[in-house]
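The residues making up each chain are set out below.
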Amino acid sequence: MYKTLWDHIKKHTKKHTTASVFLPLLVIGWTAAGLLTSALICPFLQNATTLVRAAVILCSGGYAGLIFGFFGGIFYIYRGTVKKSTHTVSFLQPEHN
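Rules used throughout
Position labels on residues start from 1 in each chain and follow its written sequence. At least 70 in pLDDT is required for a residue's local features to be given in this predicted model, at least 80 for side-chain atom pairs to be given and counted, and no such filter applies to totals for whole chains, interfaces and linings, which use all residues. No hydrogens and no water enter the side-chain calculation; it runs on all heavy atoms of the structure. The secondary structure listing takes helices from DSSP runs of H or I that are at least 4 residues long and strands from runs of E that are at least 2 residues long, numbered from the N terminus. A 1.4 Å probe rolled over the protein chains alone gives each residue an accessible area, and that area as a share of the maximum for its type sets the label: buried under 20%, exposed over 50%, partly exposed in between. In what follows, residue pairs with any heavy atoms lying within 4.5 Å of each other are defined as contacts. For the area figures, the Shrake-Rupley method with a 1.4 Å probe applies, and any residue is considered shielded solely by the protein chains shown. Buried Ala, Val, Leu, Ile, Met, Phe, Trp, Tyr and Cys residues that are joined via side-chain atoms within 4.5 Å together make up what is termed a nonpolar core. What counts as a salt bridge is simple: a side-chain nitrogen of Lys or Arg found within 4 Å of a carboxyl oxygen of Asp or Glu. Comment: arc refers to directions from the helix axis out to C-beta atoms.

1. What about the overall build of the chain?
At step 1: In terms of regular secondary structure, the chain is built from 3 helices and 0 strands.
At step 2: The secondary structure elements of the chain, listed N-terminal to C-terminal, are α-α-α.
At step 3: Evaluated residue by residue, the chain yields a buried proportion of 18% over its 97 residues.
At step 4: The contacts of the chain with a sequence gap of at least 6 include a subset with a gap of at least 24, amounting to 60%.
At step 5: Accessible area for the chain stands at about 7600 Å²; split by element, carbon and sulfur atoms hold 71% of it.

2. Things to note about the nonpolar core
At step 1: Within the largest apolar cluster, 8 residues are counted, these being Tyr2, Trp6, Ile9, Phe22, Leu23, Leu26, Tyr76 and Ile77.
At step 2: Elements represented by at least two residues in this core include exactly helix H1 (2–12), helix H2 (18–41) and helix H3 (50–90).
At step 3: With sequence-adjacent residues up to four places away left out, tryptophan 6 is seen in contact with Thr18, Ala19, Phe22, Tyr76 and Ile77.

3. What to know about the pattern of salt bridges
Any two side chains of opposite charge can pair, so long as their charged atoms come close to each other.
At step 1: One pass over the structure, following the stated rule, counts 1 salt bridge.
At step 2: Aspartate 7 is the partner of lysine 3 in a salt bridge, and the nearest nitrogen-oxygen pair spans 3.1 Å. Here lysine 3 and its partner aspartate 7 are both found in helix H1, 4 residues apart, which amounts to about one turn of the helix.
At step 3: For aspartate 7, a relative accessible area of 35% corresponds to the partly exposed category.

4. Focus: H1
At step 1: Buried within H1 we find Tyr2, Trp6 and Ile9. Down the axis of H1, the sector holding all buried residues measures 70 degrees, keeping them to one side. Residues Lys3, Thr4, Lys11 and His12 are exposed on H1 and point more than 90 degrees away from its buried face.

Rendered as structure tokens:
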């Protein structure tokens, strides 16, 4: 899913703006998914007040957006850029003759 979204954004944006579009979209998408999922689960909570249900919905959305959206996107970008830059590190190490 991350690769598909990254490729789509990369195709429709400039080279240096891909990450700045990718991360907010992931955060918004995962937050919406967390809010929707918790809103569907909350009616099944027995003996919970309205305030508790609201807290569950908001916390679920916030944590999904932060963990899966933001940190997941950061790790995806980091993993892609580290693979591309590994050849630059090899010439910094001393050669063994």
